[in-house]
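# Survey of secondary and tertiary structure
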Amino acid sequence: LYYRFNGNLADTCTTNSAGGLLTNSGADTDSAGKMGNGLTVEGGEYVTGSASGITMAADWSVEAWIKPSTIGSGIIFAIADDSTEKDNELSIHLGGTGGDELVVCSGGEIVCAKTNSDTVASTDTWYHIAVTYDHSDSQVDIYVDNVREIIDNSFVTFTGNPSGAGVMIGSGDE
């Protein structure tokens, strides 16, 4: 799954069957990014796409450049569905007491790993975030600006893929 956002929502990695076109729900798709164009999501704006071809029960990583205009809670990236079964779902968002922590949660067991406060503490500042998952020992690592902020060996073991799941970038919450 790879989106460059260079002027549209059709930037998919042709070597991977996951992803496909994204559906826009109010996001500005022609914004200046850290490198080239980017995607701006504010308030309840987001884009969604298919999660077909994504395997949660494997090693994986998610990375992005983010530039928050406000510090608070909000989804950066999620793989989830609308069912009450929250198995094998993933969300990466800003959260914590002051909204300045990077939080990674799994769905079914609601297990979260989070960075220390003030990790993402400044508005209008670019941050490179990365989350890696090692399926063999259920370890999640969270990096901010190339610094490993947390290693969590107590993270949930993903056993499959959420049924009917989709990818969400941005937040459907106001």
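Please refer to the structure higher up on the page.
This section reports on the structure supplied with the text. Note that the coordinates shown come from a computational prediction; the quantities given were computed from them, not determined experimentally.

In this section: the overall build of the chain. Scanning the chain from N- to C-terminus turns up zero helices and 13 strands. Element order for the chain, N to C, with α for helix and β for strand: β-β-β-β-β-β-β-β-β-β-β-β-β. Within the chain, the proportion of its 174 residues that are buried is 41%. Long-range contacts, defined here as pairs at least 24 residues apart, represent 55% of the contacts in the chain between residues at least 6 apart. Total accessible area on the chain is roughly 8900 Å²; 45% of this is exposed by carbon and sulfur atoms.

Attention now moves to the sheet that holds strand S5 (residues 60-66). Strand order across the open sheet formed by four strands is S5-S10-S11-S12, with antiparallel pairing between neighbours. Looking along the sheet, the strands with just one partner apiece sit at the ends: S5 and strand S12 (147-152). Sheet twist, expressed as the average angle between the axes of neighbouring strands with direction ignored, equals 15 degrees. Across seven bridges, the pairing between S5 and strand S10 (residues 127-134) is antiparallel. Looking at S10, one finds that Ala 64 is bridged to Ile 129.

Glancing now at the packing of aromatic side chains. A full pass over the atoms with the stated rule returns one aromatic pair. Relative to Tyr 133, the ring of Trp 60 has its centre 5.2 Å away and its plane inclined at 20 degrees; by these criteria the two rings are stacked. On the criterion of sequence distance, the pair formed by Trp 60 in strand S5 and Tyr 133 in strand S10 is long-range, its members being 73 residues apart. When its relative accessible area of 14% is taken as the criterion, Trp 60 is described as buried. Residue classification places Tyr 133 among the buried positions, given a relative accessible area of 2%.

With five of its six residues buried, strand S11 (residues 139-144) lies for the most part within the structure. Two strands pair when backbone bridges link them, and S10 and S11 are joined in this way by six bridges, in the antiparallel orientation. From the neighbouring strand, Val 131 faces S11, where its bridge partner is Ile 142. Where S10 hands over to S11, the hairpin turn is made up of four residues, of which Ser 138 adopts a positive phi near 55 degrees. Two strands pair when backbone bridges link them, and S11 and S12 are joined in this way by five bridges, in the antiparallel orientation. Opposite Asp 141, over in S12, you have Ile 151 as the bridge partner. Counting the residues between successive antiparallel strands, the hairpin from S11 to S12 contains two residues, one of them, Asp 145, with a positive phi of roughly 50 degrees.

On to the environment of Ile 75. Checked against the element boundaries, Ile 75 lands in strand S6 (residues 74-80). Residues Ile 75 and Gly 95 lie 20 residues apart in sequence; the distance between their C-alpha atoms is 8.9 Å. Each residue touching Ile 75, except ones within four places of it in the same chain, is listed here: Ile 92, His 93, Met 168, Gly 170 and Ser 171.

As a further point, take the environment of Ser 138. As for its position among the elements, Ser 138 is in the loop between S10 and S11. Among the residues examined, Ser 138 registers a relative accessible area of 7% and is labelled buried. It is 9.8 Å that separates the C-alpha atoms of Ser 138 and Ala 57, two residues lying 81 residues apart in sequence. Other than its neighbours up to four places away in sequence, Ser 138 contacts Tyr 133, Asp 152, Asn 153, Phe 155, Val 156 and Thr 157.

Core analysis: the largest hydrophobic core is formed by 33 residues, its most contacted members being Phe 77 and Phe 155. Only S5, S6, strand S7 (90-95), strand S8 (101-106), S10, S11 and strand S13 (166-170) provide two or more residues apiece to this core.

What counts, and at which threshold
Residues numbered from 1 in each chain as written. Predicted model: local features only at pLDDT ≥ 70, side-chain atom pairs only at ≥ 80, totals over all residues. Heavy atoms only, no water. Helix = DSSP H or I, 4+ residues; strand = E, 2+ residues; numbered from the N terminus. Buried < 20%, exposed > 50% of the residue type's maximum accessible area, 1.4 Å probe, protein only. Contact = heavy atoms within 4.5 Å. Areas by Shrake-Rupley, 256 points an atom, 1.4 Å probe, with all protein chains shown as cover. Pairing = 2+ DSSP bridges. Axes fitted to C-alpha atoms, helices over the stretch in contact; angles between N-to-C directions. Phe/Tyr/Trp six-rings, centres within 6.5 Å; stacked < 30°, edge-to-face > 60°. Core = buried A, V, L, I, M, F, W, Y, C linked by side-chain atoms within 4.5 Å.

Purely geometric numbers; function is a separate question.
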